[in-house]
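# Inside the fold
Residue strings, one per chain:
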Amino acid sequence: MNFDDLRDWKGTAENLLHELQCQINRLNLSVESPTVRTIRAWRSKNLLSQPKGQKFGFRQILEGLATLLLLKKGWTLVSISQVLSSWNNKELEQQILVGVVGVDRVDETESIHSQESFTLFEPRKQNNLALAEDAIILLAQGILRQYDCVLTGTKIVRQDDKLPSELHSAMCKLGRLYLEEGKCDLAACVHDLLSRSRYSLNCEESWNLDILRDSEFPFANVQLIDADLRVPTPDCAEIAEISGGYGEDHVIENRLHTIIRTATERLGKRKQHQAYTALRQLLGRRSLIQEKELVNYLEEKNLTPLQETVLEFYDPVPEIWLINDFANRCAHCGTLMRPHPKRASYPDGCCPIHQCNSKYAPKVGERLDPKQERLLVAKPQILAYWTAPAIDELTIFDRAQSVGLDTELYPESDRCDVSINDLAVGIDAKSYRSPVLLASKLNRSIGGLIFYRQRIVAITDELIDDCPGYLSTLRSLLDKKSDTASLQIMSVSSVIKNIQEGKYAS
Ligand SMILES: [Zn+2]
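Worth saying up front: this structure is predicted, and the values here are computed from it rather than measured. (Residues numbered from 1 in each chain as written. Predicted model: local features only at pLDDT ≥ 70, side-chain atom pairs only at ≥ 80, totals over all residues.)

### Some points on the overall build of the chain
Secondary structure summary: the chain contains 22 helices and twelve strands in total. Among the 506 residues that make up the chain, the fraction classed as buried is 39%. For the chain, the share of sequence-separated contacts (at least 6 apart) that also reach a separation of at least 24 residues comes to 67%. (Helix = DSSP H or I, 4+ residues; strand = E, 2+ residues; numbered from the N terminus. Buried ≥ 20, exposed ≤ 12 C-beta atoms within 10 Å, placed from the backbone. Contact = placed C-beta atoms within 7 Å.)

### Thoughts on the sheet that holds strand E3 (residues 288-290)
In space, the three strands of this open sheet follow the order E3-E7-E4, with antiparallel pairing throughout. Each edge of the open sheet carries a strand with a single partner, namely E3 and strand E4 (314-316). Along the sheet, successive strands turn relative to each other by an average axial angle of 35°, direction set aside. Pairing between E3 and strand E7 (residues 375-378): three bridges, direction antiparallel. Its bridge partner lying in E7, Leu-288 is registered against Val-377. (Pairing = 2+ DSSP bridges. Axes fitted to C-alpha atoms, helices over the stretch in contact; angles between N-to-C directions.)

### Some details on the nonpolar core
Ile-136, Ala-140, Cys-236, Ile-239, Ile-396, Ile-427 and Ala-458 are the most contacted members of the largest nonpolar core, which has 129 residues in total. Look past the residues within four positions of Ile-396 in its chain and what remains in contact with it is Val-418, Ile-427, Ala-429, Ala-458, Val-492, Val-495 and Ile-496. (Core = buried A, V, L, I, M, F, W, Y, C linked by C-beta atoms within 7 Å.)

### Considering helix H17 (residues 380-402)
Given a rise of 1.5 Å per residue, 23 residues ought to cover 33 Å, and the 31 Å separating the end C-alpha atoms of H17 matches this to within 8%. Where H17 bends most, the angle comes to about 45°, and this point is Ile-391. The element H17 is extensively covered by neighbouring structure, given that 17 of its 23 residues are classed as buried. Phi turns positive one or two residues past the end of H17, at Gly-404, with a value near 85°. (Expected span 1.5 Å × (residues − 1). Bend = angle between axes of the 7 residues up to and from the residue.)

### Some remarks on the packing of helix H1 (residues 13-26) against helix H3 (residues 58-72)
Running from amino to carboxyl end, H1 crosses H3 at an angle of 60°, the nearest separation of the two axes being 10 Å. In terms of axis orientation, H1 runs oblique to H3. Crossing handedness for the pair H1 and H3: right-handed. Residue-level contacts link Leu-16, Glu-19, Leu-20 and Gln-23 of H1 to Gln-60, Ile-61, Gly-64 and Leu-65 of H3. In terms of residue class, the contact of H1 with H3 is made up of four nonpolar, three polar and one charged. (Parallel < 35°, antiparallel > 145°, perpendicular 65-115°, else oblique. Left-handed = near helix turned anticlockwise from the far one by under 90°. Nonpolar A, V, L, I, M, F, W, Y, C, P; charged D, E, K, R; others polar.)

### With respect to the packing of H1 against helix H2 (residues 36-44)
Here H1 crosses H2 at 110°, and the two axes come no closer than 9 Å. Taken as axis vectors, H1 and H2 run roughly perpendicular relative to one another. Residues Ala-13, Glu-14, Leu-16 and Leu-17 of H1 pack against Val-36, Ile-39 and Arg-40 of H2. Class assignment for the residues of the contact of H1 with H2 results in five nonpolar, no polar and two charged.

### Comments concerning the environment of Ala-13
The residue Ala-13 is located in helix H1 in this model. Judged by the 19 C-beta atoms lying within 10 Å of it, Ala-13 is partly exposed. Considering only alpha carbons, one finds Ala-13 and Arg-43, 30 residues apart in sequence, at a separation of 9.6 Å. In this view, Ala-13 contacts Val-36, Ile-39, Arg-40 and Phe-56; residues no more than four positions away in its chain are not counted.

### Comments concerning the environment of Phe-217
Structurally, Phe-217 can be placed in the loop between helix H10 (210-213) and helix H11 (234-242). Its 20 C-beta neighbours within 10 Å are what place Phe-217 among the buried residues. Along the primary structure Phe-217 and Ala-130 are separated by 87 residues, whereas in three dimensions their C-alpha atoms are 8.7 Å apart. Excluding residues within four positions of it along the chain, Phe-217 makes contact with Leu-129, Ala-132, Ile-211 and Leu-212.

### Focus: the sheet that holds strand E12 (residues 487-491)
On the basis of which strands lie adjacent, the open sheet formed by five strands has the order E8-E9-E10-E11-E12 and mixed pairing. Strands with a single pairing partner mark the edges of an open sheet, and in this sheet they are strand E8 (407-409) and E12. Neighbouring strand axes in the sheet, compared pairwise and without regard to direction, differ in orientation by 20° on average. Pairing between E8 and strand E9 (residues 418-420): three bridges, direction antiparallel. What sits directly across from Leu-409, in E9, is Val-418.

### A word on the confidence of the model for the chain
Overall, the predicted model of the chain reaches an average pLDDT of 85, with 89% of residues at or above 70. Note on residues 101-123: pLDDT under 50 across the span, and 21 contacts to partners over four residues away in sequence or across chains. (pLDDT = per-residue confidence, 0-100.)

### Structural notes on helix H22 (residues 492-500)
Note that an α-helix has 3.6 residues per turn; residues three or four places apart therefore point the same way. When H22 is considered as a whole, its buried residues turn out to be Val-492, Val-495 and Ile-499. Buried residues of H22 fall within an arc of 60° about the axis and therefore sit on the same side. The inward-facing, buried residues of H22 abut H17, strand E10 (425-430), strand E11 (454-459), helix H20 (461-466) and E12. At the C-terminal side of H22, Gly-502 shows a positive phi close to 80°. (Arc of directions from axis to C-beta.)

If you want it as structure tokens, here you go:
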């Protein structure tokens, strides 16, 4: 049984009604034929996908039949419109023909999600794993694009045709996965989906999708949006790039680097690298700063020409983040603490940086009065991409310096994070939640570490505590024949220990 004689079909709503009736009879489907009014209603709800003003075609026959079958199985029109758009013609045909068999053989009460009525060509699980992977890559890309739009400050998230197409496709694919698992579609509302993206994909309470918790699903422990800072995470940026179909310009970190490099290059070759390090160090150590202190710092480092660029990395401290009229500085990383919803338990607020708040209990280092001096705080994307990773980078650098090693922070405009004895040792601190994504990044390139004799990748200790297999997974995924084979993978605390034991002294 197939639909070969219908592939070139075209017609009006009345013709489509007639054709649907013929097919219902031919395939012996136990569904009621729709009316012309119903067909028009389906079109207005986008269940029938032909563009406005154009005749119905073969695709609409398939969509009409599938809609009838799915309605009979208890699906809602909203769910059907989502799932239909994720199937191509071939898949739809298969679904309908399998549905035919299902209806013939299976009694009315049978679950809509039986293996039988939803087996596609490939085995079901592999198929859904691939679908889930695509959905999450698209979601990551959609989140980055959406973030790009919101960054300009003029657009807000709205569920209309201006939604990034990647986000829309991700919603359709996720919707299908929910429906196939017999669950309520949690991906139908873009706002809910974005807020859910602040939790790792394997979090049952937030996502409730078995396939995302499957041991073969590669992004299970990934969080796409930083829970507190509400910006896309580095893992998100990495996932978005996996398929290669996404321009690097859209990756936030890269864009920030371009801004800072272009600005420092204007200072001339001699000063450029020093300026780069000074700026990154500023954003790492003083993400909450008094305007006067910032101006003084730039003056002292001969960076006044960059003042305009640097000010763009900061926002004025908003009043809602003050606690009893003061801006509280985190005693550990130095950034602005934010009020916690549980005011009673956290009267001084909490540090918004995960790398800091997962390590230390909230503690105020200093209370700054905004009435005395204008206060600035680094923008969320700066906090996520520079301030947060700087916690490990600065710890390593400060320790190396304290034991008297010849060390440099972000040498040559970021060849690596910390170098020791010129080109003897290069260290990059990494805080990707997912070892799979970090491996994929390193396999593409080990970056500036290539210039160093000892090449060290230092992983945040908390990540290893959370996921004990982290280091071995990462090592096992690195290419054995390329530059990655020369990398030494270890925890930040091991690097510190080595420094103290004098292992990197010349
Ligand atoms: Zn902190």
